[in-house]
Amino acid sequence: MPVLLFLLDTSASMNQRSYLGTSYLDVAKGAVETFMKLRGRDPASRGDRYMLVNLEDIPFGIKAGWKESHATFMTELRNLQATGLTSIGQSLRTAFDLLNLNRLVSGIDNYGQGRNPFFLEPAIIIAITDGNKLTSSAGVQDELHLPLTTPLPGSELTKEPFRWDQRLFALVLRIPGHASVEPDPIGGVPSDDSPITPMCEVTGGRSYSVFSQRMLNQCLESLVQKIQSGVVINFEKTGPDPPPLEDAAAESLKLGPQPWHCCHKLIYVRPNPKTGVPIGHWPVPEAFWPDQNSPTLPPRSAHPHVRFSCVDAEPMVIDKVPFDKYELEPSPLTQYILERKSPHTCWQVFVCNSAKYNDLGEPFGYLKASTALNCVNLFVMPYNYPVLLPLLDDLIKVHKFKPSIKWRQSFENYLKNMPPYYIGSLRKALRIMGAPNLLADNMEYGLSYSVVSYLKKLSQQTKTEYDRLIASIGKKAVAEAGIKVRWRGGGISLAQRRDFIQQLQSLSGDVPLVPLELNPKEFQGFHLALLNKDLKPQSFRNPYDIPRSHLLDQLSRMRRNLLNTSVCSLRGHDSDQLHSVPIAQMGNYQDFLKAAPQPLRDADPEQPKRLHTFGNPFKLDKKGMMIDEADEFVTSPKENKGKRPSDNNMTGGGPKRRRCMSPLLRLGHAYTPPVSPRSTSDVDMSDEEVEPHPMVNHLHRNHCSPERSSDSDSEPQENHSSADQQDLQYGGEEEEEEEENGEQVEVEEEEVILVDGLDQPPRYLSPAALKKHIHTETTKVNNELRTLITREIRKPGRYYDKIFYFLKQIQGTLDTRLIFIQNIIREAARFKKRVLIEQLENFLEEIHNRSTINHVDAL
């Protein structure tokens, strides 16, 4: 899970404009968003953690840390403003301390017990700055200095503020104010000469000098490729150079230090594909021999200094003995090894002072080119493996896991010269081999009791500091609660008198007043309270501190404060400024409601409570409304228009509201309400009162499908009744769900023709009105059928029965139906439904044939 920490320069110099028309700070914000988009293309970016730090003092400079979400990160990024000094050194120290905050708790560094490359938390710090002079309250600095003091516990155990899995990259913006005519430099992006560049190189990173937007995008793509899981190691040559090859170039025979003699590069620690976590067995030894009597641990360097000997050696591997293999980042050292083209030999690696009696130490692994000569690998083996591996080989092949006395003596001599912290790794390796009893369980690891207790104490202190810092992130700096009264000493000027206005009037001769005595010492240390909490006190001692754009406003305030005698308190804002709200906060109505005083109780709580008018002023609180079940259905005919009456046969207590279904989903084209069971009074009624409406009969006669014969007149009625039952059942299920959720769902009801009461059209319509009414109903039905059929066509699969069921409900003349079907065929062709197109063409031809037969029969 890599950590990506962005350090943005928010000094005032970031307000300068580039030829793009935006400030440097806007360019930096856009670069962060572009980087996140490029990184998001990699599936491995799901576990990324983003942090944001600017140049403010701690903890206000930490905008997004360990606990903040991605949304908080983006909000804080957009709200950054360029004000203040260029204190990059302090902010870098804050960034490193933030990353190292949890390392002592998790035990990643493993102080005094070897460095485990597979225990890592890779982090990349991306600093975006303008490369100007470093400024602080002490003055201008030419070099980058990180503070030596830090509140982080355990920082004294490492010499540098960073760790071996943390790298710093800097994007130094050099974009000019005017577009440059000169082309961008060919090749890679050059490094910058700003003070942050040496810090980048020390951590294993680099800086980029950015002159255009194209170069910035190129740098961001390069940075995305730099996100690798690995640790940085210093490789240094010890001993003589290797003998030159026969076909070596003359440049390789130069005397003196070569670039490959000392390299500061990364070794890739690949995670396990199954678990996603790196797995390893052997540590890199410490640069000291652990003493059990020492009360403290010597500080270690952030990057281990590994020395390699150029003497060719035989690579040693035993089948059952585990080893670790790490690939080296391309460097002059890897290029030199690959040019020698000797994949069957290796160079041993050492850590100075790791052995008990040897300054150089014993070999703990070797460098070897891959068989394909495309990379160089670092093999980490057991400490002093040239002695241990032959012993283990004899144990397996010769002694068959039954060691002799001589073998045990040799093994015990090896253990005496091995660092004690290797015991745990060796015990695991012997267990894998099948010899778990070779090491005694009571062997010590080499750390004294005082060191172990000190590390535990540091872990607890770090946990406390971690909780404190996490709680402080996101808090704003506390502003002064009022204007502090200061006593500057000396005589009192005329402008400082309370009766200054009266003195001015007395000078003009209007109001002669006796001057009052004023004693400012009496109010020394007091704070003048501000009625308006949002008002910031302006204590401009120097007129040059006032921004140029605010000069006129400030003059008007000063004039008002000077000449206004009716108000005793000073006005720091204009009257219109008191009601001004930033656009970003205009929609934040909930905070306004919380700050508003508690309203009085309603005089009539029975009335439905009207919500606030922010948004829809006609919205009512329906949860508080009481509905009378009896009054719900006893409404006027006007209110009941277009709504289906409820079925009295439905069980479950009172009547339920049900959803009115569209007329298209029923076989009948005119709406007929469900028949309620007759009461005894209904049975006595004559049949003349139940006479059907002539309009309904007319629709049934003229708008039935042509394929229906007189013999099958009873079929539509059966289908209609079954469809109504299905509708009732479907509607009942929906009603039960709505009642379970406790909500009242408002549904747009379809306009239908009622056959009841006062909603009937005139009993006898004129021919023109009747024709217009039929045409309107036909168009409405066909439009809804087109929508339903199009929805079915877009569904996947080859189930087309519903489509042909809807096609049989088409209204209108023969030409209208033919045009309708042809449009449906075009819609099916859009979605390449070949089988459906063939069936529709057969259906169209069948309608043609039937219409021809009916025409001949009529003749």
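Structure's up top.
A quick note: this is a predicted structure, and the numbers were derived from the prediction, not measured.

Caption draft 1: Region of the structure containing the packing of aromatic side chains. Tallying each qualifying case throughout the model produces 20 aromatic pairs. When the ring of Y336 is compared with that of W347, the centres are 6.4 Å apart and the planes differ by 45°; the resulting orientation is tilted. You can see Y336 sitting in helix α7 (residues 332–340) and its partner W347 sitting in strand β13 (residues 346–351), a full 11 residues away along the chain. Residue Y336 is classed as buried on the basis of its relative accessible area, which comes to 15%.

Caption draft 2: Geometry of the side chain of D324. In this structure, D324 sits in strand β12 (residues 324–328). Look at D324: it is buried, it has no salt bridge, and the nearest opposite charge is K428 at 11 Å. Here H281 takes part through its backbone nitrogen, which lies 2.9 Å from a polar atom of the side chain of D324. Side-chain polar atoms of D324 contact the backbone nitrogen of W282, separated by 2.8 Å. Discounting chain neighbours no more than four positions away, the residues touching D324 are F118, G280, H281, W282, L378, F379 and V380.

Caption draft 3: Main features of helix α1 (residues 24–39). Here α1 is 16 residues long and its end C-alpha atoms lie 22 Å apart, about the 22 Å a rise of 1.5 Å per residue gives. Along α1, the positions that sit buried rather than exposed are Y24, L25, V27, A28, K29, A31, V32, F35, M36, L38 and R39. On the buried face of α1, the contacting elements are β1 (3–8), β2 (49–53), α2 (70–78), β4 (123–129), β7 (166–173) and α6 (213–226).

Caption draft 4: Inspection of the packing of helix α8 (residues 385–397) against helix α9 (residues 405–416) at higher detail. The N-to-C vectors of α8 and α9 enclose an angle of 155°; their axes lie 11 Å apart at closest approach. Judged by the angle between their axes, α8 and α9 are roughly antiparallel. The way α8 lies across α9 gives a crossing that is left-handed. From α8, V387, L388, L391, D394 and L395 reach across to α9, where they touch W407, S410, F411 and Y414. Among the residues making up the contact of α8 with α9, the classes are represented as seven nonpolar, one polar and one charged.

Caption draft 5: Geometry of the pattern of salt bridges. Across all of its chains, the model carries 20 salt bridges by this definition. A salt bridge links R307 to E236, with the shortest nitrogen-to-oxygen separation between them at 3.6 Å. Of this pair, R307 sits in strand β11 (residues 305–313) while E236 is found in strand β9 (residues 230–238), placing the two residues 71 residues apart along the sequence. Owing to a relative accessible area of 27%, R307 belongs among the partly exposed residues under this scheme. In this structure, the salt-bridge partner of K397 is D393, at a minimum N-O distance of 3.5 Å. Pair noted here: K397 and D393 are both in helix α8, with a separation of four residues, about one helical turn.

Reading guide: rules and limits
Residues numbered from 1 in each chain as written. Predicted model: local features only at pLDDT ≥ 70, side-chain atom pairs only at ≥ 80, totals over all residues. Heavy atoms only, no water. Phe/Tyr/Trp six-rings, centres within 6.5 Å; stacked < 30°, edge-to-face > 60°. Helix = DSSP H or I, 4+ residues; strand = E, 2+ residues; numbered from the N terminus. Buried < 20%, exposed > 50% of the residue type's maximum accessible area, 1.4 Å probe, protein only. Lys, Arg positive; Asp, Glu negative; His and termini not counted. Salt bridge = Lys/Arg side-chain N within 4 Å of Asp/Glu carboxyl O. Polar contact = N/O pair within 3.5 Å; in protein donor to acceptor, adjacent residues only side chain to side chain. Contact = heavy atoms within 4.5 Å. Expected span 1.5 Å × (residues − 1). Axes fitted to C-alpha atoms, helices over the stretch in contact; angles between N-to-C directions. Parallel < 35°, antiparallel > 145°, perpendicular 65-115°, else oblique. Left-handed = near helix turned anticlockwise from the far one by under 90°. Nonpolar A, V, L, I, M, F, W, Y, C, P; charged D, E, K, R; others polar.

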